[in-house]
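# A look at the structure
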Amino acid sequence: FTATDLSGNIGQSQATVTVTDQTAPVITLIGASTITLTVGDIFSDPGSSVADNVDVGLSVTPTGSVNTAVVGTYTLTYTISDAAGNAALTVIRSVVVEDNAAPVVTAPANITVAATNAGGTAATQTAIAAFLNAASALDAVDGLRTVSNDAPAVFPLNLTTVTFTATDLSGNIGQSQATVT
């Protein structure tokens, strides 16, 4: 800086101006911040973009992992700092892996049994009891599941349809039917 008074005397002073990058980069997710998948799906992170007022070409590799073979919520964390050390706000992506498939219930083959009396045949009769216990259920995630049924205590004359039901740990319900005549 220079100044001259009315007598022509000149005074000088110096100052230094330092320009620094004081602005943090901004991370923007590509795609949704929460992604929902079904067990067994293939996951590929859609990625993110980074904008900075000085640095160009910044990119983020998130930390965290996703196991699509296991039901759960997984977190991917995106962080970065620019060359001046300004840290971006952390961005999170949640990946939810769900079990949406019902167990496969296999009902026994239809059967015909002799009536014990005019009222029909009790569910405890050997052939009917074996029929009711022959159903099975297999879930792709939870494995073998317990099977219940809606069989009456006494099977009346004619045809009775029995519904066999199994529920997996995620609440998905599978059913199958068979008949007793």
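In spatial order, the strands read β8-β10-β11; together these three strands make up an open sheet with antiparallel pairing. Every interior strand has two partners, whereas the edge strands, β8 (104–106) and β11 (143–145), have only one. Going across the sheet, the axis of each strand differs from the next one's by a mean of 30°, ignoring polarity. Judged from the three bridges that link them, β8 and strand β10 (residues 136–139) form a sheet pairing that is antiparallel. Looking across to β10, one finds that threonine 106 is bridged to serine 136.

Looking now at helix α1 (residues 126–133). Looking only at α1, the buried set comprises Ile128, Phe131 and Leu132. For α1, the buried positions fall inside an angular range of 95° around the axis, keeping them on one side. Exposed residues lying more than 90 degrees from the buried face of α1 are Thr126 and Asn133. Contacts from the buried residues of α1 go to β9 (121–122), β12 (148–149), β13 (154–155), β14 (160–167) and β15 (173–180). Two to three positions downstream of the cap, the backbone nitrogen of alanine 127 sits 3.0 Å from a side-chain oxygen, assigning the N-cap of α1 to glutamine 125.

Let's shift gears to the pattern of salt bridges. Counting across every chain of the model gives one salt bridge. Linking aspartate 45 and arginine 93 is a salt bridge whose minimum nitrogen-to-oxygen distance equals 3.2 Å. Taken together, the residues aspartate 45 in the loop between β4 (34–38) and β5 (48–51) and arginine 93 in strand β7 (residues 91–98) connect sequence positions 48 residues apart. Since its relative accessible area comes to 26%, aspartate 45 is described here as partly exposed.

The next point concerns the nonpolar core. Core analysis: the largest hydrophobic core is formed by 15 residues, its most contacted members being Ile128, Phe131, Leu132, Phe155, Val162, Phe164 and Val180. Where this core is concerned, the elements lending two or more residues are α1, β14 and β15. If near-sequence neighbours (up to four positions away) are discounted, valine 162 is found in contact with Phe131, Leu132, Asn149, Asp150, Ala151, Phe155, Ser176, Gln177, Ala178 and Val180. Core analysis: the next-biggest nonpolar cluster, separate from the first, contains 14 residues, Ile35, Tyr74, Leu76 and Ile80 among them.

What counts as what
Residues numbered from 1 in each chain as written. Predicted model: local features only at pLDDT ≥ 70, side-chain atom pairs only at ≥ 80, totals over all residues. Heavy atoms only, no water. Pairing = 2+ DSSP bridges. Helix = DSSP H or I, 4+ residues; strand = E, 2+ residues; numbered from the N terminus. Axes fitted to C-alpha atoms, helices over the stretch in contact; angles between N-to-C directions. Buried < 20%, exposed > 50% of the residue type's maximum accessible area, 1.4 Å probe, protein only. Arc of directions from axis to C-beta. Contact = heavy atoms within 4.5 Å. Polar contact = N/O pair within 3.5 Å; in protein donor to acceptor, adjacent residues only side chain to side chain. Salt bridge = Lys/Arg side-chain N within 4 Å of Asp/Glu carboxyl O. Core = buried A, V, L, I, M, F, W, Y, C linked by side-chain atoms within 4.5 Å.

So yeah, pure geometry; function would need other evidence.
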